[in-house]
There are 2 protein chains.
Amino acid sequence: MSKDTGTPARLDPDKIVTSALRIADAEGLGAITIRRLAQEHGVTPMALYRYFRDKDDLLAALAERLLADVHLPEPSDDPWDRQLRALLAACLAAVRPHPAVAGLIPTRVLLSEAGLMLVERTLALLAEAGFPPDQATEVGSQALCSLVTLVTTEPGVAESTDPDTRDDAIRAKRAALHSLAPKRYPHVLAAADALTLCADRESYYELGVEFAVAGVRGLRPQSRTAH
Amino acid sequence: MSKDTGTPARLDPDKIVTSALRIADAEGLGAITIRRLAQEHGVTPMALYRYFRDKDDLLAALAERLLADVHLPEPSDDPWDRQLRALLAACLAAVRPHPAVAGLIPTRVLLSEAGLMLVERTLALLAEAGFPPDQATEVGSQALCSLVTLVTTEPGVAESTDPDTRDDAIRAKRAALHSLAPKRYPHVLAAADALTLCADRESYYELGVEFAVAGVRGLRPQSRTAH
DNA sequence: ACCTGAACACCGTTCAAGT
DNA sequence: ACCTGAACACCGTTCAAGT
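What counts, and at which threshold
Residues numbered from 1 in each chain as written. Chains lettered and ligands numbered in written order. Predicted model: local features only at pLDDT ≥ 70, side-chain atom pairs only at ≥ 80, totals over all residues. Heavy atoms only, no water. Contact = heavy atoms within 4.5 Å. Buried area = accessible area lost by both parts, 1.4 Å probe. Salt bridge = Lys/Arg side-chain N within 4 Å of Asp/Glu carboxyl O. Polar contact = N/O pair within 3.5 Å; in protein donor to acceptor, adjacent residues only side chain to side chain. Helix = DSSP H or I, 4+ residues; strand = E, 2+ residues; numbered from the N terminus. Nonpolar A, V, L, I, M, F, W, Y, C, P; charged D, E, K, R; others polar. Axes fitted to C-alpha atoms, helices over the stretch in contact; angles between N-to-C directions. Parallel < 35°, antiparallel > 145°, perpendicular 65-115°, else oblique. Left-handed = near helix turned anticlockwise from the far one by under 90°. Buried < 20%, exposed > 50% of the residue type's maximum accessible area, 1.4 Å probe, protein only. Lys, Arg positive; Asp, Glu negative; His and termini not counted. Domains from an automatic or database assignment. Near = heavy atom within 4 Å. 1 Å grid on protein atoms, 1.4 Å probe; cavity = no way out; pocket = protein on both sides within 12 Å on 5 of 7 lines; lining within 4 Å. Points joined across faces, edges and corners; volume = space filled by probe spheres on them. Expected span 1.5 Å × (residues − 1). pLDDT = per-residue confidence, 0-100. Phe/Tyr/Trp six-rings, centres within 6.5 Å; stacked < 30°, edge-to-face > 60°. Least-squares fit on C-alpha atoms with pLDDT ≥ 70 in both. Arc of directions from axis to C-beta.

*Asks:* For the interface of chain A and chain B, give the residues involved together with the corresponding values.
*Replies:* Many descriptions give the size of an interface as the accessible area lost when the pieces come together. Taken together, the contact between chain A and chain B spans 49 residues of the former and 49 residues of the latter. Summed over both partners, the interface of chain A with chain B comes to about 4,300 Å²; 72% of that surface belongs to carbon and sulfur atoms. Together, Glu 138, Gln 142 and Phe 211 of chain A form the three largest contributors to the area buried by chain A at its contact with chain B, with a combined 17%. Taken together, the links from chain A to chain B amount to two salt bridges. The salt bridge partner of Glu 113 of chain A is Arg 184 of chain B, with a shortest N-O separation of 3.7 Å. The interface formed by chain A and chain B includes nine residue pairs in polar contact (both at pLDDT 80 or more). At the level of elements, α6 (113-128), α7 (133-152), α8 (163-178), α9 (186-190), α10 (192-196) and α11 (201-219) of chain A are the ones that each hand at least two residues to the side of chain A that touches chain B. For the side of chain A that touches chain B, the residue count by class is 29 nonpolar, 13 polar and seven charged.

Take a look at the structure:
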């Protein structure tokens, strides 16, 4: 045996990211701490700096993990908008389980292989759709960002991570809306429930994806080209 | 004279929010600190707690300030999509000067009078457009959030607040993209400049607003109704 | 009512050592 | 190469007083 058994495994950056993701899922982004991660891995805080330049670097690694979880659909002969929908759905599937971390993604897509490939595919589809490069860049970014927004602003999700606190927060918010002046805020009152909790999460996300696809379709230069 | 002149003015929460906004604009959201705000107002940190429950409450007040700066256009006889465009443009105008603070808004719109009125108007327009209440709620939220995303992810803005550091960051990011494998990332390479810095900020924001309007229009139930 | 002072329980990070 | 230990310069917030 060339190695001692029972030797504490060498610090693994992937495992640190996994811990960080678990912490964020359970207690929010603010619960991620260099010191806490170090403690959970039986090591001094400074040990983490061998693998991450600073805390922001660690958060970037978190975003990268989510992006790496995207299973990009293979390019096909489907019309561009069908392919775009599938692409966005794939991103959404990777991001949905981690609402606390989702917001880290938009500013960090270009920092990881997975993110770059995601952008590459998106731009390719939009070029196929007839967008000039600059417009494709912006429209593609907006479409991808809208998925993150969908997750981070899903009614009832941002409230809190603890289920009990969450229910209380939702009830309180709902009560506040219901107590508004009906003359001044008729539509808000009518939408009080929908604004505070998602009635049907699946159709919420389906509609959200369609919103992005429709935005792209509506901006397409030659809208008469057969698809 | 019933008052001493030169008496330090009583602590004014509005002035504290103003200071916080200035700090965030100049140095980012992370530079906002209870202790620093207290110092700038010649007071003990604990003095601020008389006006803000905690730091999150102060951040909510920041978001409220931005929302209060929105000059809602008067309802008119214009078609709903024209009015929606004007509404979104008004929001954008209020948010654009404060990219570091913009991200606070989405989860806090329903906590302020200004935000509630904004949502009320949006829902009214979408009802006019034929959306059922639940869809209007989601689609309206998405449209408003997309403006925030536009500001917080404007290429070249998120990099840094200091102009020199910012230019360096942009150059570095651009160089990184230009060094990618052309076979693997042809579209990303072609879009390297557009991805790192906005060539024309005005058309960037115009296109962004159109994206949101197009998303809404594309999801409208009875799309054949005359507008 | 409005503000102070001291203290508590944390942070991220630098620097110099250890092995 | 990989990790430790001590220290620095911060945080937000509680609690008990002051006037």
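Let's pick the thread back up.
*Asks:* Please set out the packing of helix α6 (residues 113-128) of chain B against helix α7 (residues 133-152) of chain B residue by residue, giving values where relevant.
*Replies:* All names here are of chain B. Relative to each other, α6 and α7 sit at 120°, their axes nearing to 9 Å. Overall, the two elements α6 and α7 adopt an arrangement that is oblique. Classified by chirality, the crossing of α7 by α6 is right-handed. Seen from α6, the contacting residues are Leu 118, Thr 122, Leu 123 and Leu 126; seen from α7, they are Ala 136, Thr 137, Val 139, Gly 140 and Leu 144. Tallied by class, the residues present in the contact of α6 with α7 amount to six nonpolar, three polar and no charged.

*Asks:* Let's hear about the side chain of Glu 120 of chain A: which residues, and what values?
*Replies:* Looking at where Glu 120 of chain A falls in the secondary structure, it is placed in helix α6. It turns out Glu 120 of chain A is buried and unbridged, and the closest side chain with the opposite charge, Arg 121 of chain A, is 7.6 Å from it. Apart from the residues within four sequence positions on either side, Glu 120 of chain A is in contact with Arg 184, Tyr 185, Pro 186, His 187 and Val 188 of chain B.

*Asks:* Describe the domain arrangement of chain A, naming the residues involved and giving the relevant values.
*Replies:* Here the domain parsing of chain A yields domain 1 (13-52), domain 2 (67-154 + 198-223) and domain 3 (157-196). Taken over C-alpha atoms, the centre of domain 1 of chain A sits 34 Å from the centre of domain 3 of chain A.

*Asks:* Describe in detail the protein's contact with DNA strand D, supporting the description with residues and values.
*Replies:* Taken together, the neighbourhood of DNA strand D is formed by 16 residues, with Thr 44 and Arg 50 of chain A together with Arg 35, Met 46 and Tyr 49 of chain B sitting nearest. The share of sugar and phosphate among atoms of DNA strand D within 4 Å of the protein is 48%. The side chain of Tyr 49 of chain B places a nitrogen or oxygen atom 2.8 Å from a phosphate oxygen of DNA strand D. Note that a phosphate oxygen of DNA strand D is positioned 3.0 Å from one of the backbone N or O atoms of Lys 55 of chain B. Residue composition of the surface near DNA strand D, grouped by class: eight nonpolar, two polar and six charged.

*Asks:* Which residues make up the packing of helix α1 (residues 13-27) of chain A against helix α3 (residues 55-68) of chain A, and what are the values?
*Replies:* Residues and elements named next belong to chain A. Two elements in contact, α1 and α3, have axes whose closest approach is 10 Å; the angle formed by their N-to-C orientations is 85°. The orientation of α1 with respect to α3, classified from their angle, is roughly perpendicular. Between α1 and α3, the residues in contact are Asp 14, Ile 16, Val 17, Thr 18, Ala 20 and Leu 21 and Leu 58, Ala 61, Leu 62, Arg 65 and Leu 66, respectively.

*Asks:* I'd like a rundown of empty space enclosed by the protein, residues and numbers included.
*Replies:* As enumerated under the stated definition, the model contains two cavities of 30 Å³ or more in all. Of the volumes computed, that of the largest cavity is approximately 40 Å³. If you go around the largest cavity, the residues you meet are Val 119, Thr 122, Leu 123, Ala 136, Thr 137, Gly 140, Ser 141 and Leu 144 of chain A together with Leu 195 of chain B. Elements supplying a minimum of two residues to the lining of the largest cavity: α6 and α7 of chain A. Tallied by class, the residues present in the lining of the largest cavity amount to five nonpolar, four polar and no charged. What the second largest cavity holds in volume is close to 30 Å³.

*Asks:* Got a sec to walk through helix α11 (residues 201-219) of chain B? Specific residues and values, please.
*Replies:* Taking 1.5 Å of rise per residue, the 19 residues of α11 of chain B would be expected to cover 27 Å, and the 28 Å separating its terminal C-alpha atoms lies within 8% of that figure. Of all the residues in α11 of chain B, the buried ones are Tyr 204, Tyr 205, Leu 207, Gly 208, Val 209, Phe 211, Ala 212, Val 213, Ala 214, Gly 215, Val 216 and Leu 219 of chain B. Against α7 and α11 of chain A together with α4 (80-95), α6 and α7 of chain B lie the buried residues of α11 of chain B. Looking at where α11 of chain B begins, the residue whose side-chain oxygen comes 3.0 Å from the main-chain nitrogen of Glu 202 of chain B is Asp 200 of chain B.

*Asks:* Describe the confidence of the model for chain A, with residues and values.
*Replies:* Within chain A, residue pLDDT values average 92, and 94% of them lie at 70 or more. The low-confidence segment residues 1-7 of chain A (pLDDT under 50) makes zero contacts with residues lying over four places distant or belonging to another chain.

*Asks:* Explain the packing of aromatic side chains to me, using residue names and the numbers behind them.
*Replies:* Residues and elements named next belong to chain A. Counted under the stated rule, the structure contains two aromatic pairs over all chains. The interplanar angle of 85° and the centroid separation of 4.8 Å between the aromatic rings of Tyr 204 and Tyr 205 together place this pair among those described as edge-to-face. Here the two residues Tyr 204 and Tyr 205 agree in accessibility, since each one is buried.

*Asks:* Kindly report on the relation of the copies chain A and chain B, identifying the contributing residues and their values.
*Replies:* When chain A is fitted to chain B, the residual RMSD is 0.0 Å, and the transformation amounts to a turn of 180° plus an axial shift of 0.0 Å. When the rotation and shift are considered jointly, the pair of chain copies conforms to a two-fold rotation axis. No C-alpha of chain A lies nearer the rotation axis than that of Gly 215 of chain A, which sits 1.9 Å from it. In this assembly, 100% of the residues forming the interface of chain A have copies in chain B that are likewise at the interface, indicating an isologous arrangement.

*Asks:* Help me get a handle on α8 of chain A, residues and values and all.
*Replies:* In a regular helix each residue adds 1.5 Å, so 16 residues correspond to 22 Å; α8 of chain A covers 22 Å between its end C-alpha atoms and thus fits that length. Of the residues making up α8 of chain A, those classed as buried are Ile 170, Lys 173 and Leu 177 of chain A. Viewed end-on, α8 of chain A has its buried residues packed into an arc of 70°, placing them on one side of the element. Of the exposed residues in α8 of chain A, the ones pointing more than 90 degrees away from its buried face are Asp 164 and Arg 171 of chain A. Residues of α8 of chain A that are buried in the fold lie against α9 and α10 of chain A together with α6 of chain B.

*Asks:* Describe the side chain of Thr 196 of chain A, and please don't skip the residues or the numbers.
*Replies:* Residues and elements named next belong to chain A. Looking at the secondary structure, you find Thr 196 in helix α10. Polar contacts involving the side chain of Thr 196 include one to the main-chain carbonyl oxygen of Ala 192, which spans 2.8 Å. Beyond its immediate chain neighbours, meaning those up to four positions away, Thr 196 contacts Pro 155, Gly 156, Ile 170, Lys 173, Arg 174 and Leu 177.

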